[in-house]
Every structure is written in structure tokens, then in C-alpha cells.
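Tertiary structure, described
Residue-level listing of the chains:
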Amino acid sequence: MKIEIGNTKPENFIDRWPGEFNIFSHFEIALGIPHALFLITTFKDNGMPNACFQSWSSFYGDGGGYYVLTPLVQQAHTYHNILRRREFCVNFVSARYFDACYQTVFHNDYETDEIAIGGFTSEPARCIAVPRIKEAFLSLECQFKTDIDLSEKGIQSLVIGQVLLAAIEEDYLNGSEKKYGQDGFMYYGYELHNFTSGDQGERKVASLNILRKA
């Protein structure tokens, strides 16, 4: 039997922190669709590095370019940094850096170097002024193209950036063992414990281990 969930938040889904279901749709919690995790680096207006632990994104292109599509809270530093400087960098690190990435969530004061606070190392980018993260196995240097207010309520915007250059570690370029193993892409998912009772479960982090040929 399939459970049908409408676009109105179920009454048993209660905010665990103020504004949770203003920032997140109830579908995010109920469906648990996995997404790649990464760090977006930008500069704050005081020149300090900003690092945003991010997910819920897509990467695609055609003959006219390759693009990053990522949603950002309009009140967040990262969104305003991108609009102001019109550039950003996407940095993929493995799941073993999960706790380090979360330090950028807990320590994001205006005067904080958020790359250093996670124990990461800044390295110069090639096409943009924003730094890459040295520990990342893949970094995408991006130029801001446009943004779209997702719900037209001034909550989140879908930011679209064109990839100008990709920097990937040589041993990740070919094959799948490194890229899709424990040292490769880190994924975010959500484990719902009990939809009926309103027990909302917990967020999970994972990496891919086995691929079957398509």
C-alpha cells in the first residue's frame, strides 16, 4: 500500500527548532531523498573566508556550459556573499570530514575564518578569488549566473552558477573505487522512524560502496 502525502504539512510534524518547517518542506523529512554533501566557500564582506556545509543540489550542463544549482536561505551569509562577489567554490570532501564540516555550522561568526575552524586549509583558486579547500578531492570554481526565489516567499533562492574550472585529484579521475568509495562523495539522507506518530527520525551521512553496471 502506498502512503500519499500532500503539499500541506501533516499535523504530527512539529518543529524541533523554531522555523524548521519554514526553512524545510515536510517532504524533506518524510521522503529522505539522498543528496551529495559539500562545502561552499565564499568571502564575507570583511574579507574572512566563509564555508557553508551544503546539500540538496544538482550539477548539470549542455554544450553551453556546466552548472551548479543549489538552494540557499536568503538570510544566510553565503547567499549574500555570492550576490556581492558573484563567485563561489563548491568543494567535495569524504565522509571522514563530516564532523569537521559541521564545525562551520556551529562556528559561523562574522569574524571567524570558517575554513580554518573546520581544520581545513585554504588554497588559491585558478579562475576566481574565492579560495578552494585543499583537502577536497574535487572543487568547482563557479561564476554566479542568476537566482530564483523558490516559493516566491523570500525564504530560499535557487542559486545557479556556471562552472569555470574543476580541480580533481588525479587518483579520483579514473575508475570508481576512490570516487564512489569511503574516500569519495559524501551523501546526506534522512531516516524517518515513524511517520504516523510524528517521530521524525534523524539525519544520516553515508558514502557509496558498491556500484552495479548500468
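This report concerns the structure included in the present document. If you're wondering where the values come from, they're calculated on a predicted model, not measured in any experiment.

Observations regarding the overall build of the protein chain
The secondary structure content of the protein chain amounts to 6 helices and 11 strands. In terms of overall size, the protein chain behaves like a compact globule, its C-alpha atoms giving a radius of gyration of 18 Å where 214 residues would be expected to give roughly 17 Å. A principal-axis box enclosing the C-alpha atoms of the protein chain has dimensions of 50 × 45 × 35 Å. Counting every position in the protein chain, which comprises 214 residues, the buried fraction comes to 42%. Long-range contacts, defined here as pairs at least 24 residues apart, represent 58% of the contacts in the protein chain between residues at least 6 apart. Counting every atom, the protein chain has about 12,200 Å² of accessible surface; 51% of that belongs to carbon and sulfur. Charged side chains in the protein chain number 19 positive and 27 negative. The centres of these two groups are separated by 5 Å.

Observations regarding the side chain of Ser 94
With respect to the helices and strands, Ser 94 occurs in the loop between strand E5 (87-92) and helix H4 (98-106). Filtering out sequence-adjacent residues up to four positions away, Ser 94 remains in contact with Phe 137, Gln 182, Asp 183, Gly 184 and Met 186.

Side note on the pairing of E5
The buried fraction of E5 is high, at 6 of 6 residues. Alternating residues of E5 divide into Glu 87, Cys 89 and Asn 91 and Phe 88, Val 90 and Phe 92, and every residue in both groups is buried. Sheet analysis places strand E1 (residues 35-43) next to E5, joined by 3 bridges and oriented antiparallel. Of the residues in E5, the one forming a bridge with Thr 41 is Cys 89. In this sheet, strand E8 (residues 138-149) lies alongside E5 in antiparallel orientation, the contact comprising 6 bridges.

So, the nonpolar core
Counting 20 residues, the largest nonpolar core has Phe 88, Val 90, Phe 92 and Leu 140 as its most contacted members. Among the elements of the structure, E1, strand E4 (65-73), helix H3 (77-85), E5, E8 and strand E9 (156-168) are those that each provide at least two residues to this core. Tallying contributions element by element places E8 first for this core, with 4 residues. Listed in part, the 19 residues of the second largest apolar core include Ile 29, Val 93, Cys 101 and Ile 115.

Focus on H3
The α-helix advances 3.6 residues per turn, and as a result positions three or four apart in sequence lie on the same side. Of the positions making up H3, those classed as buried are Thr 78, Tyr 79, Asn 81 and Ile 82. Viewed along the axis of H3, the buried residues span an arc of 165 degrees, placing them on a single side of the element. Buried positions along H3 lie against E1, strand E2 (49-54), E4, E5, E8 and E9.

Things to note about the packing of aromatic side chains
Per the stated rule, a full pass over the model turns up 16 aromatic pairs. By the ring-pair criterion, three or more aromatic residues cluster together here, those being Phe 38, Phe 59, Phe 92, Phe 137, Tyr 172, Tyr 180 and Phe 185.

Focus on the pattern of salt bridges
All told, the structure shown has 7 salt bridges when counted by the stated rule. Between Lys 44 and Glu 114 there is a salt bridge, and its shortest N-O distance comes to 2.9 Å. Remark: Glu 114 occurs in helix H5 (residues 114-117) and Lys 44 occurs in the loop between E1 and E2; sequence separation between them is 70 residues. With relative accessibility at 1%, the residue Glu 114 sits in the buried group. In this structure, Arg 85 engages Glu 87 in a salt bridge whose closest nitrogen and oxygen atoms are separated by 3.8 Å. Looking at Glu 87, the relative accessible area reads 12%, which means it is buried. One continuous salt-bridge network, built from bridges that share partners, spans Glu 123, Arg 132 and Glu 141.

Here we look at the environment of Lys 44
Under the relative-accessibility criterion, Lys 44 is labelled buried at 3%. Along the sequence, Lys 44 and Gln 75 sit 31 residues apart, while their C-alpha atoms lie 13 Å from each other. The contact partners of Lys 44, leaving out residues within four places of it in the chain, are Pro 49, Asn 50, Asn 81, Arg 84, Asn 108, Asp 109, Tyr 110, Glu 111, Thr 112 and Glu 114. There is a polar contact of 3.4 Å between the side chain of Lys 44 and the backbone oxygen of Tyr 110.

Reading guide: rules and limits
Residues numbered from 1 in each chain as written. Predicted model: local features only at pLDDT ≥ 70, side-chain atom pairs only at ≥ 80, totals over all residues. Heavy atoms only, no water. Helix = DSSP H or I, 4+ residues; strand = E, 2+ residues; numbered from the N terminus. Rg over C-alpha atoms; globule rule 2.2 N^0.38 Å. Buried < 20%, exposed > 50% of the residue type's maximum accessible area, 1.4 Å probe, protein only. Contact = heavy atoms within 4.5 Å. Areas by Shrake-Rupley, 256 points an atom, 1.4 Å probe, with all protein chains shown as cover. Lys, Arg positive; Asp, Glu negative; His and termini not counted. Charge placed at Lys NZ, Arg CZ, Asp CG, Glu CD. Pairing = 2+ DSSP bridges. Core = buried A, V, L, I, M, F, W, Y, C linked by side-chain atoms within 4.5 Å. Arc of directions from axis to C-beta. Phe/Tyr/Trp six-rings, centres within 6.5 Å; stacked < 30°, edge-to-face > 60°. Salt bridge = Lys/Arg side-chain N within 4 Å of Asp/Glu carboxyl O. Polar contact = N/O pair within 3.5 Å; in protein donor to acceptor, adjacent residues only side chain to side chain.

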